[in-house]
Each structure stands twice: as C-alpha cells, then as structure tokens.
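Coordinates in review
Take a look at the letters that make up each chain.
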Amino acid sequence: MLLKTQRLHIRPIQLEDAKAVFAYRSDAMANKYQSWVPQSLAEVTAFIKRNPTQFNLPKTWFQLVLTHKISHEILGDIGLHFIDEQGQQAEIGCTLNQKF
C-alpha cells in the first residue's frame, strides 16, 4: 500500500524506519501528549515487528509513515486504531517530526 500526494508518500512502517522513527519519537518533550515515548532503538524495532501487516483488523493499530516524496526522509507517522469488530469505527493518531 502506498498513498501519494504532491509532496508526500504514506506507506506502512518498515523495520528500516526504526532509527528515523526513534529519532523523533524518543524526544519526551516533543511527544508529551503521546502514549508512547520509546526509550531505545530496540523498543522501536519491537514495536514495528508487532505492527499488523493487514489493514482494518479489529482492536489493532496499523502504523504508517509519512515520507518526503523526493528525499524519502520520514516526516512523521500515523496510527490507525480499528476499534469495532465490524470495521466501521476507527481512531487516528499522528506524530510529526518537529525537525520539519
């Protein structure tokens, strides 16, 4: 799955993204309203490995990353939480890298 805009690509998170995600997600001050602030690169890697590969599974979070279309730098991530068993209710969370 790859969504494209004029400036962004939005795609599922991958293990290769761990270092870039850790760089902005581990900043406790920037992520003070987030429920998850990882303490190590290993924690981010484990998080990515736990991420479901199938979209719209009840009671799961599906994690995507926002990347710059040209540089491919990770600008942030989006979490989609599929809440109900019928696949009709979801919650969206977004974290942006303050560097950008």
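Notes on the structure follow. Bear in mind that the values here come from a model prediction, so they are computed numbers and not experimental data.

1. Considerations on the packing of aromatic side chains
One pair of aromatic rings is described through two measures. These are the centre distance and the angle between the planes. Per the counting criterion, the structure on display carries three aromatic pairs. Relative to Phe62, the ring of Phe55 lies with its centre 5.2 Å away and its plane at 80 degrees, an arrangement referred to as edge-to-face. A ring pair is formed by Phe55 and Phe82, whose centres lie 4.9 Å apart and whose planes are at 75 degrees; its orientation type is edge-to-face. Separated by 27 residues along the polypeptide, Phe55 in the loop between α2 (41-50) and β3 (60-68) and Phe82 in strand β4 (residues 74-82) bring together distant segments of the chain. Given a relative accessible area of 40%, Phe55 falls into the partly exposed group.

2. A look at the pattern of salt bridges
Under the criterion given, the structure shown has three salt bridges. One salt bridge connects Asp77 with Arg25, and the closest N-O pair in it is separated by 2.8 Å. Taken together, the residues Asp77 in strand β4 and Arg25 in helix α1 (residues 18-25) connect sequence positions 52 residues apart. You can call Asp77 buried: its relative accessible area is 2%.

3. A short note on the sheet that holds strand β2 (residues 8-12)
Strand order in the open sheet formed by five strands is β1-β2-β3-β4-β5, with antiparallel pairing between adjacent strands. Because the sheet does not close on itself, it has two edges, and the strands there are β1 (3-4) and β5 (90-96). Here eight bridges tie β3 to β4, and the two strands are oriented antiparallel to one another. Looking across to β4, one finds that Thr67 is bridged to Ile74.

4. Considering the packing of α1 against α2
Packing of α1 against α2 leaves a shortest axis separation of 9 Å and a crossing angle of 120 degrees. When you trace α1 past α2, the crossing you get is right-handed. Facing Ala18, Lys19, Val21 and Phe22 of α1, the residues of α2 in contact are Leu41, Val44, Thr45 and Ile48. Of the residues belonging to the contact of α1 with α2, the class tally is six nonpolar, one polar and one charged.

5. Overview of α2
The α-helix winds at 3.6 residues per turn, so residues separated by three or four positions along the chain end up facing the same way. Considered for burial, the residues of α2 that qualify are Val44, Phe47 and Ile48. Looking down the long axis of α2, one finds its buried residues gathered within 95 degrees of arc, a one-sided arrangement. In α2, those exposed residues whose orientation departs by more than 90 degrees from the buried face are Ala42, Lys49 and Arg50. Contact partners of the buried residues in α2: α1 and β3.

6. Points about the side chain of Asp77
Polar contacts involving the side chain of Asp77 include one to the side chain of Arg25, which spans 2.8 Å. Of the polar contacts made by the side chain of Asp77, one reaches the side chain of Gln63; its length is 2.9 Å.

The rules behind these values
- Residues numbered from 1 in each chain as written.
- Predicted model: local features only at pLDDT ≥ 70, side-chain atom pairs only at ≥ 80, totals over all residues.
- Heavy atoms only, no water.
- Phe/Tyr/Trp six-rings, centres within 6.5 Å; stacked < 30°, edge-to-face > 60°.
- Helix = DSSP H or I, 4+ residues; strand = E, 2+ residues; numbered from the N terminus.
- Buried < 20%, exposed > 50% of the residue type's maximum accessible area, 1.4 Å probe, protein only.
- Salt bridge = Lys/Arg side-chain N within 4 Å of Asp/Glu carboxyl O.
- Pairing = 2+ DSSP bridges.
- Axes fitted to C-alpha atoms, helices over the stretch in contact; angles between N-to-C directions.
- Left-handed = near helix turned anticlockwise from the far one by under 90°.
- Contact = heavy atoms within 4.5 Å.
- Nonpolar A, V, L, I, M, F, W, Y, C, P; charged D, E, K, R; others polar.
- Arc of directions from axis to C-beta.
- Polar contact = N/O pair within 3.5 Å; in protein donor to acceptor, adjacent residues only side chain to side chain.

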